[in-house]
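Chain by chain, the residues run as shown.
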Amino acid sequence: MSETASISASIAARYASALFDLAKSDKKLKELESDAETLGAALDQSEDFRDLISNPVYTRAQQEAGVTAVAKKMGLDGLTGSTLGLMAQKRRLFALPQLVKALKAMIAEEKGEVTAEITSAKALTATQQKKLADTLAKKVGKDVKLEMHVDEALIGGLVVKLGSQMIDSSIRSKLSSLQNAMKEVG
């Protein structure tokens, strides 16, 4: 992990821990889970939002006004909105992606779940997702929440990351292995 990523993860972990503890004591973990999902989706889908949190051209006041407006528009809980405002004041919004990831992990652990990152060549149907979640749940003995991603470069198959394990059954990796084997022969 690079030093910058390590610093971001460290900052995010502190904010996530404080936000999680406040939400837990206020019995607002469901709201926090919803907020984490909403923020994660916004970070994935909105280039403007990613620019707002990472571009140093914006002043603290502009970032705070921006994330406050976005939080209100998204319908985020007051705790989450306040945390975003504080992060803007302290120039820590760049750590928001790591904060969302840390929150999701804390919430999943609290609920006795594990999260599996699934990357597929095309979007899986609800039935396929359920079957995959059930299969993974049997393997780990806990409820499994799927975090789905699509990467057409895989050609076909899946890449599954579950904790520290990674299963790559994509056609791209099989072709790459075949290519390496061919190089060794010739």
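Scroll up for the structure.
These numbers come from a predicted model, not from an experiment. (Residues numbered from 1 in each chain as written. Predicted model: local features only at pLDDT ≥ 70, side-chain atom pairs only at ≥ 80, totals over all residues. Heavy atoms only, no water.)

> Hey, could you go over the pattern of salt bridges for me, with residue numbers and the actual values?
According to the stated counting rule, one finds 10 salt bridges in the structure shown. The salt bridge partner of E33 is K145, with a shortest N-O separation of 3.4 Å. Highlighted residues: E33 in helix α2 (residues 29-45) and K145 in strand β2 (residues 143-150), separated in sequence by 112 residues. A salt bridge links K111 to E113; the nearest nitrogen and oxygen atoms lie 3.7 Å apart. Looking at K111, the relative accessible area reads 44%, which means it is partly exposed. Because the salt bridges share partners, they merge into one network encompassing E33, E37, K104, K111, E113, K145 and E147. (Salt bridge = Lys/Arg side-chain N within 4 Å of Asp/Glu carboxyl O. Helix = DSSP H or I, 4+ residues; strand = E, 2+ residues; numbered from the N terminus. Buried < 20%, exposed > 50% of the residue type's maximum accessible area, 1.4 Å probe, protein only.)

> Tell me about the layout of surface pockets, and name the residues and values.
Considered as a void within the structure, the largest pocket measures approximately 790 Å³ in volume. In terms of lining, the largest pocket is formed by 29 residues, of which the most central are K101, K104, T115, E117 and E147. Counting residues per element, the lining of the largest pocket draws most heavily on helix α6 (residues 96-111), which supplies nine residues. A class-by-class count of the residues in the lining of the largest pocket yields 13 nonpolar, four polar and 12 charged. (1 Å grid on protein atoms, 1.4 Å probe; cavity = no way out; pocket = protein on both sides within 12 Å on 5 of 7 lines; lining within 4 Å. Points joined across faces, edges and corners; volume = space filled by probe spheres on them. Nonpolar A, V, L, I, M, F, W, Y, C, P; charged D, E, K, R; others polar.)

> Can you lay out the packing of helix α3 (residues 47-54) against helix α4 (residues 60-74) for me, pointing to particular residues and giving the numbers?
In the contact formed by α3 and α4, the axes pass within 9 Å of each other and the chain directions differ by 145 degrees. Crossing of α3 against α4: the hand is left-handed. Here F49, L52, I53 and S54 of α3 come into contact with α4, specifically with Q62, Q63, G66, V67 and V70. Its residues placed into classes, the contact of α3 with α4 shows five nonpolar, four polar and no charged. (Axes fitted to C-alpha atoms, helices over the stretch in contact; angles between N-to-C directions. Left-handed = near helix turned anticlockwise from the far one by under 90°. Contact = heavy atoms within 4.5 Å.)

> Give me the sheet that holds strand β3 (residues 158-162): which residues, what numbers.
One open sheet holds the four strands; their spatial order is β2-β1-β3-β4, and the pairing between them is mixed. The sheet is open, and its two edges are formed by β2 and β4 (165-168), each paired on a single side. Ignoring which end each strand starts from, the neighbouring axes of this sheet average 15 degrees apart. The pairing of strand β1 (residues 113-120) with β3 spans five bridges and is antiparallel. When the sheet's bridge partners are listed, I118 is paired in β3 with V160. Taken strand by strand, helix α7 (residues 126-140) contacts β1, β2, β3 and β4, and its axis lies near 135 degrees from that of β2. (Pairing = 2+ DSSP bridges.)

> I'd love a proper account of the environment of A23, names of residues and values included.
In this fold, A23 is placed in helix α1 (residues 3-25). Here A23 is in contact with K28, L29, L32 and L79, once residues within four sequence places are set aside.

> Kindly report on α2, identifying the contributing residues and their values.
Taking 1.5 Å per residue, 17 residues should reach 24 Å; α2 reaches 24 Å between its end C-alpha atoms and fits that length. When α2 is considered as a whole, its buried residues turn out to be L32, E33, D35, A36, L39, G40, A42 and L43. (Expected span 1.5 Å × (residues − 1).)

> Requested: an account of the nonpolar core, with residues and values cited.
Formed by 30 residues in total, the largest nonpolar core has its most connected members in F49, V67, L84, L96, L99 and L103. Sort the elements by how many residues they give to this core and α1 lands first, with seven residues. With sequence-adjacent residues up to four places away left out, L103 is seen in contact with A16, L19, F20, L32 and A36. With eight residues, the next largest nonpolar core counts A116, I118, V160 and L162 among its residues. (Core = buried A, V, L, I, M, F, W, Y, C linked by side-chain atoms within 4.5 Å.)

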